[in-house]
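# Close look at the chain arrangement
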Amino acid sequence: MKTVIDGMTVGYTDDGNGTPLIFIHAFPLSKSMWLPQVDVLKEAYRVITIDLGGHGDSDIVPWNDSLDGYAKNIIRLLDHLEITQAVFVGLSMGGYTLFSIYRHYANRVKAIVLADTRAQADSEEGQAGRQSMAEVAFKDGASAIASLMLPKLLAPATIEQRPEIVEEVRQMILQTPTAGIVVDLVAMAARPDSTDLLSTITCPTLVIVGEEDQATPVAESQYIAKRIPGSTFVTIPQAGHLSNFEQPVVFNQAMQSFLERHEL
Ligand code: MLT
């Protein structure tokens, strides 16, 4: 599904009825990474997935250099859909974007699910890594980025034993234009530190992480969960960074029991 907001095409899906759940994807993927959640959770909730600018069906916003820009566009889609408050789910870059949403639009947030993400800003070394990755993207395109990212996104066992998952993720990356990849890298490198925000989060919070996540290891999620008052912490066995895609049954169960426990 697509709509035009302020002259920009925004791709999204909108299925089911009930409390709205808004899913924000990781780098350098698209809303398709949430299909295993949409299929199950739409039975009891209104499930919305969105393509950030320059991903999937959404127009690129080439002058966007901050995750606040992504956050604003997500809120604009909510306004368009006449949704006042929602549960937000963000994985990795989606989690960074979720911190921006909480920082600027906390009144729109009913609850949050932070999956495979981290609260710290990039170190200098991390920023330099983003710059080299942007150069690779310009020079060699999305297929080179897929080769770099797949071992970071998926657990070694997934890569060895589940070629269909590897192929689906590779296709998502190949469909992301180089410019979209570069805009993400610039925005992530410029993101602020969110560690001070954690203790101010008062809504119900679920923190999820794949036990074999190499991009944002379990310790990062533990750090977040310890600082958000009353949060729930769940680790997912046999999953890497893309825990929702590698182990959807366990991920969905964690979400369902969290949503039910908080009567969302
Ligand atoms: C992601 O999955 O969104 C990325 O690994 C985030 C990052 O590169 O920091």
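Placed above this text is the structure.
What comes next concerns the included structure. (Residues numbered from 1 in each chain as written. Predicted model: local features only at pLDDT ≥ 70, side-chain atom pairs only at ≥ 80, totals over all residues. Heavy atoms only, no water.)

## Examining the overall build of the protein chain
- Within the protein chain one finds eleven helices and eight strands.
- Since a compact globule built from 264 residues should have a radius of gyration of about 18 Å, the 17 Å found for the protein chain is in line with a globular shape.
- Principal-axis analysis of the C-alpha atoms gives the protein chain an extent of 50 × 45 × 35 Å.
- Long-range pairs, those at least 24 residues apart, make up 76% of the contacts in the protein chain between residues at least 6 apart in sequence.
- Separation of charge centres in the protein chain, based on 19 positive and 32 negative side chains, amounts to 3 Å. (Helix = DSSP H or I, 4+ residues; strand = E, 2+ residues; numbered from the N terminus. Rg over C-alpha atoms; globule rule 2.2 N^0.38 Å. Contact = heavy atoms within 4.5 Å. Lys, Arg positive; Asp, Glu negative; His and termini not counted. Charge placed at Lys NZ, Arg CZ, Asp CG, Glu CD.)

## As for the pairing of strand β6 (residues 109-115)
- Across the seven residues that make up β6, a large majority, six, are buried.
- As judged from the six bridges shared by strand β5 (residues 86-91) and β6, these two strands associate in the parallel manner. The partner of Leu91 across the bridge, within β6, is Ala115.
- Chirality of the crossover, the property in question, places the unit of β5, helix α3 (residues 93-105) and β6 among those that are right-handed.
- Summarising the sheet, β6 and strand β7 (residues 205-210) pair through four bridges and their orientation is parallel. Bridge pairing in β7 places Leu114 opposite Val207. (Buried < 20%, exposed > 50% of the residue type's maximum accessible area, 1.4 Å probe, protein only. Pairing = 2+ DSSP bridges. Right-handed = clockwise from strand over helix to strand, strands pointing away.)

## Notes on the pattern of salt bridges
- Scanning all chains against the criterion turns up ten salt bridges.
- Note that Asp51 and Lys31 form a salt bridge whose closest N and O atoms lie 3.1 Å from each other. In this pair, Asp51 sits in the loop between β4 (46-50) and α2 (67-80) while Lys31 sits in the loop between β3 (20-24) and α1 (35-41), placing the two residues 20 residues apart along the sequence.
- Owing to a relative accessible area of 2%, Asp51 belongs among the buried residues under this scheme.
- The partner of Asp79 in a salt bridge is Arg108, with the nearest N and O atoms 2.8 Å apart. Of this pair, Asp79 sits in helix α2 while Arg108 sits in the loop between α3 and β6, placing them 29 residues apart in sequence.
- Classification of Asp79 by relative accessible area gives partly exposed; the value is 43%. (Salt bridge = Lys/Arg side-chain N within 4 Å of Asp/Glu carboxyl O.)

## Overview of the site of the ligand
- As a matter of local geometry, the ligand sits amid Ala26, Phe27, Ser92, Met93, Tyr96, Arg130, Leu153, Met188 and His241.
- One nitrogen or oxygen atom from the main chain of Phe27 is found 2.8 Å from an oxygen atom belonging to the ligand.
- Arg130 has a polar side-chain atom sitting 2.7 Å from an oxygen atom of the ligand.
- Protein burial of the ligand: of its 270 Å² of free accessible surface, 91% is covered by the chains.
- Those elements giving two or more residues to the shell around the ligand turn out to be α3 and α4 (124-153).
- Residues belonging to the shell around the ligand are distributed by class as follows: six nonpolar, two polar and one charged. (Near = heavy atom within 4 Å. Polar contact = N/O pair within 3.5 Å; in protein donor to acceptor, adjacent residues only side chain to side chain. Areas by Shrake-Rupley, 256 points an atom, 1.4 Å probe, with all protein chains shown as cover. Nonpolar A, V, L, I, M, F, W, Y, C, P; charged D, E, K, R; others polar.)

## Concerning unusual backbone geometry
- A cis geometry characterises the amide bond from Phe27 onward to Pro28, with omega recorded as -15°.
- The residue Pro28 is located in the loop between β3 and α1 in this model.
- Even without glycine at this site, Gln238 takes up a positive phi of about 55°.
- For Gln238, the position within the fold is in the loop between β8 (232-236) and α10 (243-246).
- Looking at Gln238, the relative accessible area reads 57%, which means it is exposed.

## Examining the packing of aromatic side chains
- For the structure on display, the rule yields two aromatic pairs.
- Ring geometry for Phe23 versus Trp34: centroids 4.9 Å apart, planes at 50°, classification tilted. Linking Phe23 in strand β3 with Trp34 in the loop between β3 and α1, this pair joins segments that are eleven residues apart in sequence. As far as the burial class goes, Phe23 and Trp34 line up, both buried.
- An angle of 50° between the planes, with centres 6.4 Å apart, marks the rings of Trp34 and Phe251 as tilted. Pair noted here: Trp34 is in the loop between β3 and α1 and Phe251 is in helix α11 (residues 248-261), with a separation of 217 residues, a long-range link. Note on accessibility: Trp34 and Phe251 belong to one class, buried.
- Of the aromatic side chains, those joined through ring pairs into one cluster are Phe23, Trp34 and Phe251.
- Over the aromatic face of Tyr96 sits the side chain of Arg191, whose NZ or CZ is 3.8 Å from the ring centroid.
- Cation over ring: Arg227 sits above Tyr223, and NZ or CZ is 3.6 Å from the ring centre. (Phe/Tyr/Trp six-rings, centres within 6.5 Å; stacked < 30°, edge-to-face > 60°. Lys NZ or Arg CZ within 6 Å of the ring centre and 35° of its normal.)

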